[in-house]
Amino acid sequence: MLSLLLIRAALLATPFAVWWIWAWWARRSGREMGATPWPWLVGIGAVLVGLSLMATALFHRDNRDETYVPGQVGPDGRVSEGHFEEPAKAR
C-alpha cells in the first residue's frame, strides 16, 4: 500500500521537478523566466495521478470470486503469505 502511495506522490511531483530543472537550465543559459505556473503544474500532476488510478482499475487483476486465505504461522515459526484461491470448478 505504501508503494502505491509513493508512486502516486512521485507522479504528482514529476511536473514540478521537470519545471524546476528546466527553469534552472534556462536561467543558467541566460533566458528570461516568467512566474512559476502553479495551476498548470498542479493540474498536470492531478491528471497523471488520475491516469494512474484509471490504469490501476483497468489492469488490476479481478479477484471477486476468489477466496482469501490469510497467512499462517508454520511449526518452524515462518509465516506464509496470504493469497487468493480460485473456487473449485463444479463438474
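Residues numbered from 1 in each chain as written. Predicted model: local features only at pLDDT ≥ 70, side-chain atom pairs only at ≥ 80, totals over all residues. Heavy atoms only, no water.

**Student:** Summarise helix α2 (residues 38-59); cite the residues concerned and give the values.
**Tutor:** Counted at 1.5 Å a residue, the expected span for α2 with its 22 residues is 32 Å, and the 31 Å between its end C-alpha atoms agrees. If you check which residues of α2 are buried, you get L41, G45, V49 and S52. Buried positions in α2, seen along its axis, are confined to an arc of 65 degrees and lie on one side of it. Exposed and oriented more than 90 degrees from the buried face of α2 are P39, W40, A57 and L58. Of the surrounding secondary structure, the elements contacted by the buried residues of α2 are α1 (2-28). (Helix = DSSP H or I, 4+ residues; strand = E, 2+ residues; numbered from the N terminus. Expected span 1.5 Å × (residues − 1). Buried < 20%, exposed > 50% of the residue type's maximum accessible area, 1.4 Å probe, protein only. Arc of directions from axis to C-beta. Contact = heavy atoms within 4.5 Å.)

**Student:** Could you give an account of the confidence of the model for the protein chain, naming the residues involved and the relevant values?
**Tutor:** Low pLDDT means the predicted coordinates in that region are not meant to be read closely. With 98% of its residues at a pLDDT of 70 or more, the protein chain has an overall mean of 92. At the level of individual helices and strands, the protein chain shows its lowest average pLDDT in strand β2 (residues 83-85), which scores 90, and its highest in α2, which scores 96. (pLDDT = per-residue confidence, 0-100.)

**Student:** Which residues make up the packing of α1 against α2, and what values go with them?
**Tutor:** With their axes 8 Å apart at the nearest point, α1 and α2 run at an angle of 145 degrees to one another. As for the relative orientation of α1 and α2, their crossing is right-handed in sense. Facing α1, whose interface residues are R8, L11, L12, P15, F16, W19 and W20, α2 presents W38, L41, V42, I44, G45, A46, L48, V49, S52, L53 and T56. A class-by-class count of the residues in the contact of α1 with α2 yields 14 nonpolar, 3 polar and 1 charged. (Axes fitted to C-alpha atoms, helices over the stretch in contact; angles between N-to-C directions. Left-handed = near helix turned anticlockwise from the far one by under 90°. Nonpolar A, V, L, I, M, F, W, Y, C, P; charged D, E, K, R; others polar.)

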